[in-house]
Amino acid sequence: MLLNPKSYTLKHEDKRFQEIVEKTIAFFENKGLQKVKDDDHHRIWYADFLEFVKKEQIFSTLLTPSKYGDEGCRWDTWRIAHFNEILGFYGLAYWYTWQVSILGLGPIWMSGNEALKQQAATLLKEGEVFAFGLSEKEHGADIYSTEMALTPQKDGSYRANGSKYYIGNGNTAKMVSTFGKISDSGDYVVFNANYAHKKYTCVKNVVNSQSYVAEYTLDDYPVAEEDILEKGQDAWNTVLNTVNIGKYNLGWASIGMSTHAFYEAINHASHRELYGLHVTDFSHVKHMFVDAYCRLVSMKLVALRAADYMRVASPKDKRYLLYNPVVKMKVTTQGESVVDLLWDVIAAKGFEKDTFFDMVTRDIRALPKLEGTVHVNIALIVKFMANYFFKPAVYPEVGQRSEAENDDFLFKQGPTRGLGKIQFHDYKAVYNSVNIPNVDVFKKQVRLFKMLLMLARPNGDQRKDIDFLMALGELFTLVVYGQLIIENAKIYKIENDLLDQIFDFMVRDFSSHALQLYSKSSSTKRQMRLCSMMIKKPRVNHSRFTRIWEQQVFTLKDQYVMTD
């Protein structure tokens, strides 16, 4: 399941994408770890990477819908997911310029402005990057309060005034999809701005990084009607639907970085001797590596499965609107857990300036905090809980969706309201399709959680208490996470040993969150009793653990080392 650039085993039927994968890996391997680290230390803008992208037409191929691009161009979530992982594997900065281009392109491809779509396709072919002007310094994610204003002029044009903050590629994007309001009507609007215009000021890079995360201001910036992408409710829907697409990618960046860190950690630990033993001979180290490996495999299973639901989405099937924030919130926080486990093994080695691990320890923390915090995404996830547990619907079975198709629906998602009406297939059928020890323990925990929702459901005050809802949301997220793991374990033929070991940590995590809910100041006696019943111990199987360690984890040592 883990990416290894030295022996990339996933052979894509799409020959053009296979070529992109091989050339991208070769670019970074030829660049070498030392140069990647030097550029990171000195905060060098990644002009060499962008020149490579331009030469090989990579962003153009992967981010241009087939209607607007050459042969082989399409917006294909399968390809985008795997390319995310590769860029994350080599460094967050390279992934970031790609990610914010995806966000900048979202409003363009969703709009009805054909001229701007054609312009975007041309710029992609020319190797340009894009930007998404949404956040503001004083308001952050509170886009209701945007102060960017378009003031109508007598000739039918507008003047834009305001500033944006945390805008990746804002220093160089010729198309910056900018969100604001029309001053007289208060209607939302999304319009195009160009960094090269004299009325566009790139104030500064707000981060201490290779990446350029801009603050920019528009001072009487002229906006013609043809520069506008959407107005009114359509503008609002466009920016939120763009985030629906883009935030999914953060999980893949976490997977890529965590995988590279895993190789470095096991290589170091397996060759280091302490007290006459290799570090990997210690029992606690074996447990940390097995736990990290199981969490990492689970991250990938969940993210891959969520892609399947994105690709089958339709006006009648919007299950992806739950699964995407689960990837954004849970996969990224699991990436932190993986790196923490590995760091506890390699200790001081994780600080050394010549390791990739040193970059990961810093950058892995960013992903749960971007494109909506963990708290924002849990608050979104909780909206789906009632229908998920109590009102299942019947859908056709969804298999692996790796076919070469343009994902048209992602750019016509429609209104963003009505999340509470979305229904899901029966999670119980998924869980009951598996009968192995730790999945069975987890099923008992889930039943108790559902019982809490029926017999001790949150009262009015608790439903207003974000702190209480966060703990509730963590438990619900684990149920969804486990469902996606089981579904994809069948598709990827994950053996029972590994699935059982994965649910070992799932049982422990569920118990931990149940204790958190138990401990909330507002929890009632009935809720506390049910929470205490949810706290369970995984089924221990020493022979299973040993097989996972010897056959799947320890065999990864020396399998990948990045060229110096």
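Residues numbered from 1 in each chain as written. Predicted model: local features only at pLDDT ≥ 70, side-chain atom pairs only at ≥ 80, totals over all residues. Heavy atoms only, no water.

Asker: How would you summarise the overall build of the protein if you had to cite specific residues and measurements?
Answerer: In terms of helices and strands, the protein carries 20 helices and 10 strands. Whereas a compact globule of 564 residues would reach a radius of gyration of roughly 24 Å, the protein reaches 24 Å, a difference of no more than 12%. Projected onto its principal axes, the C-alpha positions of the protein cover 75 × 60 × 40 Å. Buried positions account for 60% of the 564 residues belonging to the protein. In the form shown here, the protein has an accessible surface area of approximately 22,600 Å², with 51% of it arising from carbon and sulfur atoms. Computed over 70 positive and 67 negative side-chain charges, the inter-centroid distance for the protein is 7 Å. (Helix = DSSP H or I, 4+ residues; strand = E, 2+ residues; numbered from the N terminus. Rg over C-alpha atoms; globule rule 2.2 N^0.38 Å. Buried < 20%, exposed > 50% of the residue type's maximum accessible area, 1.4 Å probe, protein only. Areas by Shrake-Rupley, 256 points an atom, 1.4 Å probe, with all protein chains shown as cover. Lys, Arg positive; Asp, Glu negative; His and termini not counted. Charge placed at Lys NZ, Arg CZ, Asp CG, Glu CD.)

Asker: Could you give an account of the pattern of salt bridges, naming the residues involved and the relevant values?
Answerer: Going through the model one piece at a time under the given rule, you end up with 41 salt bridges. Residue Lys-35 pairs with Asp-39 through a salt bridge whose shortest N-O separation is 2.6 Å. Residue Lys-35 and its partner Asp-39 are both found in helix α1 (residues 15-41); the two are separated by four residues, about one turn of the helix. Look at Asp-39 and you get buried, because its relative accessible area is 5%. Notably, a salt bridge pairs Arg-508 with Asp-504, separated by 2.8 Å at the nearest N-O pair. (Salt bridge = Lys/Arg side-chain N within 4 Å of Asp/Glu carboxyl O.)

Asker: I'd like a rundown of helix α20 (residues 542-553), residues and numbers included.
Answerer: Taken residue by residue, α20 has Arg-544, Phe-545, Ile-548, Trp-549, Gln-552 and Val-553 as its buried positions. One side of α20 carries all its buried residues, which in axial view fall inside an arc of 135 degrees. The exposed set on the far side of α20, more than 90 degrees from its buried face, consists of His-542 and Gln-551. (Arc of directions from axis to C-beta.)

Asker: Give a description of the environment of Asp-220 that names residues and reports values.
Answerer: For Asp-220, the location among the structural elements is in strand β7 (residues 213-223). With relative accessibility at 41%, the residue Asp-220 sits in the partly exposed group. Considered as a pair, Asp-220 and Asn-161 are 59 residues apart in the sequence and their alpha carbons are 5.5 Å apart. If sequence neighbours within four positions are ignored, Asp-220 has contacts with Arg-159, Ala-160, Asn-161 and Lys-199. (Contact = heavy atoms within 4.5 Å.)

Asker: Residues and numbers for the packing of helix α4 (residues 77-90) against helix α8 (residues 248-271), please.
Answerer: Two numbers describe how α4 lies on α8: the axes approach to 7 Å, and their chain directions differ by 40 degrees. As summarised for this structure, α4 and α8 are arranged oblique, according to the angle between their axes. As for the relative orientation of α4 and α8, their crossing is right-handed in sense. In this structure, α4 contributes Thr-77, Ile-80, Ala-81, Asn-84, Glu-85, Gly-88 and Phe-89 to the contact, and α8 contributes Tyr-248, Asn-249, Trp-252, Ala-253, Ile-255, Gly-256, Met-257, Thr-259, His-260 and Tyr-263. Considered class by class, the residues forming the contact of α4 with α8 number nine nonpolar, seven polar and one charged. (Axes fitted to C-alpha atoms, helices over the stretch in contact; angles between N-to-C directions. Parallel < 35°, antiparallel > 145°, perpendicular 65-115°, else oblique. Left-handed = near helix turned anticlockwise from the far one by under 90°. Nonpolar A, V, L, I, M, F, W, Y, C, P; charged D, E, K, R; others polar.)

Asker: Could you give an account of the nonpolar core, with specific residues and numbers?
Answerer: If you look at the biggest cluster of nonpolar residues, it comprises 183 residues, and the most contacted ones within it are Phe-49, Phe-289 and Phe-449. The leading source of residues in this core is helix α9 (residues 283-311), at 18 residues. Counting 18 residues, the second-largest nonpolar core is a separate cluster that includes Tyr-158, Ala-173, Phe-191 and Tyr-200. (Core = buried A, V, L, I, M, F, W, Y, C linked by side-chain atoms within 4.5 Å.)

Asker: Explain the side chain of Asp-39 residue by residue, including any values.
Answerer: One polar contact links Asp-39 to Lys-31, side chain to side chain, over a distance of 2.9 Å. The residues contacting Asp-39, other than those within four sequence positions of it, are Lys-31, Ile-44, Asp-48, Tyr-94 and Gln-210. (Polar contact = N/O pair within 3.5 Å; in protein donor to acceptor, adjacent residues only side chain to side chain.)

Asker: Describe the packing of helix α12 (residues 374-382) against helix α17 (residues 466-491), with residues and values.
Answerer: Taken N-terminus to C-terminus, the directions of α12 and α17 make an angle of 70 degrees; their axes are 9 Å apart at the nearest point. In terms of orientation, α12 lies roughly perpendicular with respect to α17. The chirality of how α12 crosses α17 is left-handed. Contact residues: α12 offers His-375, Ile-378, Ala-379, Ile-381 and Val-382, while α17 offers Leu-469, Met-470, Gly-473, Glu-474, Phe-476 and Thr-477.

Asker: Any details on unusual backbone geometry? Residues and values, ideally.
Answerer: Unlike most non-glycine residues, Tyr-166 shows phi in positive territory, near 65 degrees. Look at Asn-169: it is not a glycine, yet its phi comes out positive at around 65 degrees. Mapped onto the fold, Asn-169 is located in the loop between β3 (158-168) and β4 (176-182).

Asker: Which residues make up the side chain of Thr-61, and what values do they have?
Answerer: Of note, Thr-61 is situated in helix α3 (residues 58-63). The contact partners of Thr-61, leaving out residues within four places of it in the chain, are Arg-16, Ile-20, Gly-72, Cys-73, Arg-74 and Arg-79.

Asker: If you had to explain the pairing of strand β5 (residues 188-193) to someone new, which residues and values would you point to?
Answerer: When a strand is regular, its side chains alternate between the sheet's two faces. In terms of burial, β5 is a largely internal element, six of the six residues being buried. For β4 and β5, the ladder comprises six bridges, and the chain directions are antiparallel. Looking at the pairing, Val-176 lines up with Ala-193 of β5. Pairing geometry for β5 and strand β8 (residues 228-231), over three bridges, is antiparallel. Bridge pairing in β8 places Phe-191 opposite Ile-228. (Pairing = 2+ DSSP bridges.)

Asker: Any details on a nonpolar patch on the surface? Residues and values, ideally.
Answerer: On the surface, Phe-390, Met-451, Met-454 and Leu-455 cluster together to form a nonpolar patch covering roughly 360 Å² of accessible area. With three residues, helix α15 (residues 437-455) is the single largest residue contributor to the nonpolar patch. On the secondary structure map, Leu-455 appears in helix α15. (Patch = residues over 30% accessible without salt bridge, like charges linked within 9 Å, V, L, I, M, F, W, Y side chains within 5 Å.)

Asker: I'd like a description of the packing of aromatic side chains, backed by residues and values.
Answerer: Under the criterion given, the structure shown has 47 aromatic pairs. Between the aromatic rings of Tyr-388 and Tyr-427, the centroid separation amounts to 5.2 Å while the plane-to-plane angle is 20 degrees, which identifies the pairing as stacked. Placement of Tyr-388 in helix α13 (residues 385-390) and of Tyr-427 in helix α14 (residues 427-432) is noted, with a sequence separation of 39 residues between them. Here Tyr-388 and Tyr-427 have matching classes, each one buried. Measuring from centroid to centroid gives 5.4 Å for Phe-442 and Phe-510, while their planes differ by 80 degrees, and the two rings are edge-to-face. Taken together, the residues span a long stretch of sequence, with Phe-442 in helix α15 and Phe-510 in helix α18 (residues 496-519) at a distance of 68 residues. (Phe/Tyr/Trp six-rings, centres within 6.5 Å; stacked < 30°, edge-to-face > 60°.)

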